[in-house]
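# Structure at a glance
In case you want the letters, here they are:
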Amino acid sequence: MNKVVYFVSGIDTDAGKSVVTGLLARSLRKRGVNVITQKFIQTGWVGISEDILKHREIMGIEPQPVDKDGTTCPYVMTYPASPHLAAEIDKVTLDMERITVSTRKLDALYDMVLLEGAGGLYVPVTRDYFTIDYIQEHDYPLILVASSKLGSINHTLMSLELCRMRGIKVVCLVYNRFPNDSEWITNDSITIFKHYLKQYFPSTALIEVPVVHGTDYPDVDVSALEGRR
């Protein structure tokens, strides 16, 4: 079986990456895929990554041994900021190879790894190295999460343009309907994204995720991900 690592990034910090990552993993598990999630770097927390714990809650499973030993998130820093600043405040030297080794370990144990980033594509990891650099270096196929809030068209199309420039494969654009403040904005945004993808990313799927109410986690169409295994 061909294994795969997907990188999950967002158009900004509040796009809903953690919830979407958990929902994708939940739906994949329901279809029999042996999937695990990983967090690139966690800030503003201590112990097991906050986002990993959210993934497990949505997936309906307890924290795994690979969570408890730090494999699924090698760096957890206390200050809620971009990784470069959080690392400086905590006096941590971020070693990208440590993250890569963790991903390789997970890739050997599972059929699919969903590697959630921190914020958007141009979030600094160091003063001169960005998340998008890491994605490009490792040639990870990307899952890009957009939201329905005002301004998301601009942020989404700019993120996609960056992927075009960098030669990054975008497997799917996930449209997170939260906060769903305006059906006009939502419907128009989806129309614009479909038109753009048809022009520039014809093989990229558009996945819509409804607003999550409490612990009523919806099933998500993951056929675009399953087809690449």
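Cut-offs applied
Residues numbered from 1 in each chain as written. Predicted model: local features only at pLDDT ≥ 70, side-chain atom pairs only at ≥ 80, totals over all residues. Heavy atoms only, no water. Salt bridge = Lys/Arg side-chain N within 4 Å of Asp/Glu carboxyl O. Helix = DSSP H or I, 4+ residues; strand = E, 2+ residues; numbered from the N terminus. Buried < 20%, exposed > 50% of the residue type's maximum accessible area, 1.4 Å probe, protein only. Pairing = 2+ DSSP bridges. Contact = heavy atoms within 4.5 Å. Phe/Tyr/Trp six-rings, centres within 6.5 Å; stacked < 30°, edge-to-face > 60°. Lys NZ or Arg CZ within 6 Å of the ring centre and 35° of its normal. Core = buried A, V, L, I, M, F, W, Y, C linked by side-chain atoms within 4.5 Å. UniProt positions renumbered as here; feature names shortened; annotations may be inferred. Polar contact = N/O pair within 3.5 Å; in protein donor to acceptor, adjacent residues only side chain to side chain.

Bringing the pattern of salt bridges into the picture now. Going through the model one piece at a time under the given rule, you end up with 14 salt bridges. Among the salt bridges present, the one from Lys 39 reaches Asp 51, with a minimum N-O distance of 2.7 Å. One end of the pair, Lys 39, is in strand β2 (residues 35-39); the other, Asp 51, is in helix α2 (residues 50-59), with 12 residues separating them in the sequence. Per residue, the accessibility class of Lys 39 equals that of Asp 51, and both read buried. Residue Arg 104 pairs with Glu 97 through a salt bridge whose shortest N-O separation is 3.3 Å. By relative accessible area, Glu 97 is classed as partly exposed at 40%.

Attention shifts here to the pairing of β2. With 5 of its 5 residues buried, β2 lies for the most part within the structure. What you see with β2 is no split at all: Val 35, Thr 37 and Lys 39 on one side and Ile 36 and Gln 38 on the other are buried throughout. When β2 meets strand β5 (residues 112-120), the two strands line up parallel, connected through 5 bridges. Residue pairing in the sheet places Val 35 in a bridge with Met 112 of β5.

Moving on: the side chain of His 84. Mapped onto the elements of the fold, His 84 is located in helix α4 (residues 83-90). Excluding residues within four positions of it along the chain, His 84 makes contact with Pro 124, Val 125, Thr 126 and Arg 127.

Now for the packing of aromatic side chains. For the structure on display, the rule yields 8 aromatic pairs. With 5.6 Å between their ring centres and 70° between their planes, Phe 7 and Phe 40 make a pair best called edge-to-face. Linking Phe 7 in strand β1 (residues 4-10) with Phe 40 in the loop between β2 and β3 (42-43), this pair joins segments that are 33 residues apart in sequence. For Phe 7, a relative accessible area of 0% puts it in the buried group. Using a relative accessible area of 0% as the deciding quantity, one classes Phe 40 as buried. Plain terms: the ring middles of Phe 40 and Tyr 134 are 5.0 Å apart, the flat faces sit at 50° to each other, and that makes the pair tilted. Of this pair, Phe 40 sits in the loop between β2 and β3 while Tyr 134 sits in helix α6 (residues 131-138), and the two are 94 residues apart along the sequence. The burial state of Phe 40 is the same as that of Tyr 134; both residues are buried. Aromatic rings pair up to connect Phe 7, Phe 40, Tyr 134 and Tyr 140 into one cluster. The side chain of Arg 98 reaches across the aromatic face of Tyr 75, ending 4.4 Å from its centre.

Let us now look at the environment of Thr 13. In this structure, Thr 13 sits in the loop between β1 and α1 (17-30). Through-space distance from the C-alpha of Thr 13 to that of Met 59 is 22 Å; in sequence the pair is 46 residues apart.

This brings us to unusual backbone geometry. With an omega dihedral of 5°, the bond running from Phe 178 to Pro 179 counts as a cis peptide bond. Its location among the elements puts Pro 179 in the loop between β9 (170-176) and α8 (183-200). Of note in the backbone geometry, Lys 91 takes a positive phi value of approximately 55° without being a glycine. With respect to the helices, strands and loops of the structure, Lys 91 is situated in the loop between α4 and α5 (96-109). Look at Asp 139: it is not a glycine, yet its phi comes out positive at around 55°. By the secondary structure assignment, Asp 139 is in the loop between α6 and β8 (142-147).

Ranked by size, the top nonpolar core spans 66 residues in total, and within it Phe 40, Ile 41, Met 96, Leu 114, Tyr 134, Leu 142 and Ile 143 carry the most contacts. No other element matches the 6 residues that β9 contributes to this core. Look past the residues within four positions of Met 96 in its chain and what remains in contact with it is Phe 40, Ile 41, Val 125, Tyr 129 and Tyr 134.

We now examine the UniProt feature "binding site: substrate" (unreviewed entry) in the protein. Those residues carrying the UniProt feature "binding site: substrate" (unreviewed entry) are Thr 43 in this numbering. Here Thr 43 shows up in strand β3. Not counting chain neighbours up to four residues away, the residues in contact with Thr 43 comprise Met 77, Tyr 79, Pro 80, Ala 81, Pro 83 and Ala 86. Here the side chain of Thr 43 touches Ala 81 through a polar contact of 3.0 Å, landing on its backbone oxygen.

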